[in-house]
Amino acid sequence: MSITQNIQTVRERIAVAAHSAGRAPEAVTLMLAAKHQPLDNLLEAAHAGATTFGHNLVQQLQSSTRGLLEAGLTTTNTVIGPVQSNKLRAAMDSADRIDTVDSVKTATRIARRQEARIADGLATGPYPVLIQVNSSGADTQNGCAPGGLLELAGQIMDLGLVRIDGLMTIGANTSDESQIRKSFALTRALGQEMREYLDLPGATELSMGMTGDLAIAVEEGSTIVRVGTAVFGARPGR
Ligand SMILES: *Cc1c(COP(=O)(O)O)cnc(C)c1O
């Protein structure tokens, strides 16, 4: 199967799950997880209508974003992996949003850098982020603890130059569907709580669901699914 056909198949999976939950399929953005994909694959995906890419590797984020632009393709590019502090500046210059903020330390660095970007004329307002939540509780997962979300979000709001657009999570890594569903339902509930308690009506994004669990995530309210394998095939070394 080609990347173009795979994108079509994934879009159909999203539509089926959305309809079964009474949601509009257009309410779910398909973000392609681009790690280790050569530019040609991203170009094929973009020509097939993909508009949104998520990157784990800052260097690849930079080169792919440049390559897509040079091909005349306008895309949205975000960071979906942890960012080392020495790569933050490069990440912010290439990415439209960082989706993995889980500490006030990282958010503070983003705010400081955004201040400089504004002074340099590179930006005009706050930098957009998603807060990553460790909804499964696995100690191998990044993300803030669910119980600490409101405090963290409040501290990030106080920084002024970081805008919270919503939450990102990685579902429980298990074949037990009820556990996976629980982690997504928790994230959706936390998002709602955050919007209400902190008066953040615009923080509506819920980035949740990957190749193996995207249907459950869409049923539980996901607005962004991050898909790699189902579109590009198994990654090298897997
Ligand atoms: C690689 C990756 C994905 C995509 O995973 P697949 O199972 O290949 O669809 C999604 N989210 C994150 C954070 C990733 O690193």
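To be clear, the structure that these remarks concern was listed above.
In this report, the structure presented in the accompanying data block is examined. (Residues numbered from 1 in each chain as written. Predicted model: local features only at pLDDT ≥ 70, side-chain atom pairs only at ≥ 80, totals over all residues. Heavy atoms only, no water.)

**Some details on the side chain of D99**
Counted only if it meets this: Secondary structure counts use DSSP, requiring at least four H or I residues in a row for a helix and at least two E residues in a row for a strand, with both numbered from the N terminus. Two N or O atoms count as a polar contact when they lie within 3.5 Å, although within protein this holds only if one can serve as hydrogen donor and the other as acceptor, and sequence-adjacent residues are included solely when both atoms are side-chain atoms.
With respect to the helices, strands and loops of the structure, D99 is situated in strand β4 (residues 97–101). Engagement of the side chain of D99 in a polar contact is seen with the side chain of R97, the distance being 2.6 Å.

**Digging into helix α6 (residues 149–159)**
Keep this limit in mind: Classification of residues uses two cut-offs on accessible area relative to the type maximum, computed with a 1.4 Å probe and protein chains only: under 20% is buried, over 50% is exposed, and between them is partly exposed.
Along α6, the residues classified as buried are L149, L152, A153, G154 and I156. Among the residues trailing α6, G160 stands out with phi positive, at a value near 80°.

**A look at the side chain of S183**
Looking at where S183 falls in the secondary structure, it is placed in helix α7 (residues 177–197). Under the relative-accessibility criterion, S183 is labelled buried at 2%.

**Brief notes about the nonpolar core**
As a reminder of what qualifies: Only buried residues count toward a nonpolar core. Its members are Ala, Val, Leu, Ile, Met, Phe, Trp, Tyr and Cys residues joined through side-chain atoms within 4.5 Å. Here, residues are in contact when the closest pair of their heavy atoms is within 4.5 Å.
Grouped together as the largest cluster of nonpolar side chains are 34 residues, with contacts concentrated most on I98, I110, I131 and M194. For I131, the contacting residues outside a window of four places in its chain are V101, C144, L149, L152, A153, I156, I164, G166, L167, M168 and M194. In this structure, I7, L73, V225 and V231 belong to the second largest nonpolar core, which totals 24 residues.

**What to know about the site of the ligand**
How we decide: Any residue with at least one heavy atom within 4 Å of a molecule or strand is counted as near it. Shrake-Rupley sampling with a 1.4 Å probe provides the accessible areas, and residues are treated as covered by the protein chains on show and by no other component. Charged residues are taken to be Asp, Glu, Lys and Arg, nonpolar residues to be Ala, Val, Leu, Ile, Met, Phe, Trp, Tyr, Cys and Pro, and polar residues to be all remaining types, Gly included.
If you check the shell around the ligand, you find A33, K35, N56, I80, M168, M210, T211, R226, V227, G228, T229 and R235 and nothing else. Between an oxygen atom of the ligand and a side-chain N or O atom of N56, the distance comes to 2.9 Å. R226 places a side-chain nitrogen or oxygen 2.9 Å from a nitrogen atom of the ligand. Notes on the ligand: free accessible area 380 Å², of which the protein chains cover 89%. Looking at the shell around the ligand residue by residue, the class counts come to five nonpolar, four polar and three charged.

**Section: the pattern of salt bridges**
Rules: Salt bridges are defined as contacts in which a side-chain nitrogen from Lys or Arg sits within 4 Å of a carboxyl oxygen from Asp or Glu.
Counting across every chain of the model gives eight salt bridges. Among the ionic pairs, R181 bridges to E219, the shortest N-O distance being 2.8 Å. Within this pair, whereas R181 is found in helix α7, its partner E219 is found in helix α8 (residues 214–219), the two being separated by 38 residues in sequence. Residue R181 is classed as partly exposed on the basis of its relative accessible area, which comes to 24%. We classify E219 as partly exposed; its relative accessible area is 28%. Between R188 and E220 there is a salt bridge, with its nearest N and O atoms 3.4 Å apart. In this pair, R188 is assigned in helix α7 and E220 in the loop between α8 and β8 (224–227), connecting sequence segments 32 residues apart.

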